[in-house]
Amino acid sequence: MDQAEFEAVYREIFPFWKELSQADRDHICRNSHKVVYAAGRNVHDGGECSGVVLVRSGSLRLFIMSEEGKEITLYRLHGGDMCMLSASCVLDAVTFDVFLDAEEESECCVIAGPVFAAVSERNPGMKIFALETAVSRFSDVMWVMQQILFLSIDKRLAIFLSDESARTGSDTIALTHGQIARYMGSAREVVSRMLKYFAGEGLVEVSRKGVKILDKKRLRRLAL
């Protein structure tokens, strides 16, 4: 993408764009690059400042990892979403390591973190936008933590399957038991047992293609 293409994208996405000087707009565009991440590729690996990532297409997964290697998915990013937590140099308050992987082939625009931080210091509207974006994602993080700490595994799985079906517009969740467990912050064996129970109750059908929801109403009631 050339500078004019980046400018067209940012003009559409960023509400503060018109408030920036032309020099600052040019500075951001010159320090942006397009990246196509293959499925499974790591986008951000821990505390270093990888830049502000804007997803154009595809899907990214942001997660934390314990010293033992256990992962908890905090949220997922799709077309039009932006990740601020991959740019620790922009948000000084972010003092923990997060990881970002591509779930599928994903096209992204990446703005150099130090450039985004420098321009935002000169432009209050841009800084407020960055903080509001981060705060909205922390709400997602708190919801995940509430589920892990306070909800039973059957309720959490029902919520996940219902939400994923609504997001994709399909009754079939084309994910493996391991992927579902990773997104839920649980163990594959636990998810497999609960899916077997759901299947026995006639809520879902489990096959190599994924998990097919058979009774949406009962699944939603279980999620309440």
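Before reading on, note that the structure itself is shown above.
Just so it is clear, the model here is predicted, and its values are computed rather than measured.

Participant: If you had to explain the overall build of the protein chain to someone new, which residues and values would you point to?
Facilitator: The secondary structure content of the protein chain amounts to eight helices and 11 strands. Projected onto its principal axes, the C-alpha positions of the protein chain cover 65 × 30 × 30 Å. Per-residue burial over the protein chain gives 45% buried out of 224 residues. Counting only contacts in the protein chain whose residues sit at least 6 apart along the sequence, the fraction spanning at least 24 positions is 68%. For the protein chain, the computed accessible surface area is about 11500 Å², with 52% contributed by carbon and sulfur atoms. Positive and negative charge centroids in the protein chain, built from 28 and 31 side chains respectively, lie 8 Å apart.

Participant: I'd love a proper account of the environment of Ala174, names of residues and values included.
Facilitator: Within the fold, Ala174 resides in the loop between β9 (172-173) and α6 (177-184). For Ala174, a relative accessible area of 61% translates into the label exposed. Considering only alpha carbons, one finds Ala174 and Lys212, 38 residues apart in sequence, at a separation of 8.4 Å. For Ala174, the contacting residues outside a window of four places in its chain are Gln179, Lys209 and Gly210.

Participant: Break down the side chain of Ser120 for me, with residues and values.
Facilitator: With respect to the helices and strands, the residue Ser120 is situated in helix α3 (residues 113-122). By relative accessible area, Ser120 is classed as buried at 5%. At a separation of 2.8 Å, a polar atom in the side chain of Ser120 contacts the main-chain carbonyl oxygen of Ala117.

Participant: Quick rundown of the sheet that holds strand β2 (residues 42-45)? Include the residues and the values.
Facilitator: Strand order in the open sheet made by the four strands is β2-β7-β4-β5, with antiparallel pairing throughout. At either end of the open sheet lies a strand with only one pairing partner, and these are β2 and β5 (71-78). The sheet shows a mean angle of 20° between the axes of neighbouring strands, direction not considered. For strand β4 (residues 59-65) and β5, the ladder comprises seven bridges, and the chain directions are antiparallel. Among the inter-strand pairings, Phe63 is bridged to a residue of β5, identified as Thr73. Contacting β4 and β5, helix α4 (residues 124-150) runs over the sheet at an angle of about 140° to β5.

Participant: Quick one: what's the story with the packing of helix α2 (residues 22-30) against α3, residue by residue and with numbers?
Facilitator: Each pair of packed helices can be summarised by the angle the axes make with each other and by the distance between the axes. As a packed pair, α2 and α3 sit with axes 10 Å apart at the nearest point and diverge in direction by 165°. Our classification of the angle between α2 and α3 gives roughly antiparallel. Between α2 and α3 the crossing geometry is left-handed. On α3, the residues that touch Asp24, His27 and Ile28 of α2 are Val115, Val119 and Arg122. Taken together, the residues of the contact of α2 with α3 sort by class into three nonpolar, one polar and two charged.

Participant: Please set out α3 residue by residue, giving values where relevant.
Facilitator: Among all positions in α3, only Gly113, Val115, Phe116, Ala117, Val119 and Ser120 are buried. Looking at the buried side of α3, the elements it contacts are α2, β3 (52-57), β8 (106-111) and α4.

Rules used in this analysis
Residues numbered from 1 in each chain as written. Predicted model: local features only at pLDDT ≥ 70, side-chain atom pairs only at ≥ 80, totals over all residues. Heavy atoms only, no water. Helix = DSSP H or I, 4+ residues; strand = E, 2+ residues; numbered from the N terminus. Buried < 20%, exposed > 50% of the residue type's maximum accessible area, 1.4 Å probe, protein only. Contact = heavy atoms within 4.5 Å. Areas by Shrake-Rupley, 256 points an atom, 1.4 Å probe, with all protein chains shown as cover. Lys, Arg positive; Asp, Glu negative; His and termini not counted. Charge placed at Lys NZ, Arg CZ, Asp CG, Glu CD. Polar contact = N/O pair within 3.5 Å; in protein donor to acceptor, adjacent residues only side chain to side chain. Pairing = 2+ DSSP bridges. Axes fitted to C-alpha atoms, helices over the stretch in contact; angles between N-to-C directions. Parallel < 35°, antiparallel > 145°, perpendicular 65-115°, else oblique. Left-handed = near helix turned anticlockwise from the far one by under 90°. Nonpolar A, V, L, I, M, F, W, Y, C, P; charged D, E, K, R; others polar.

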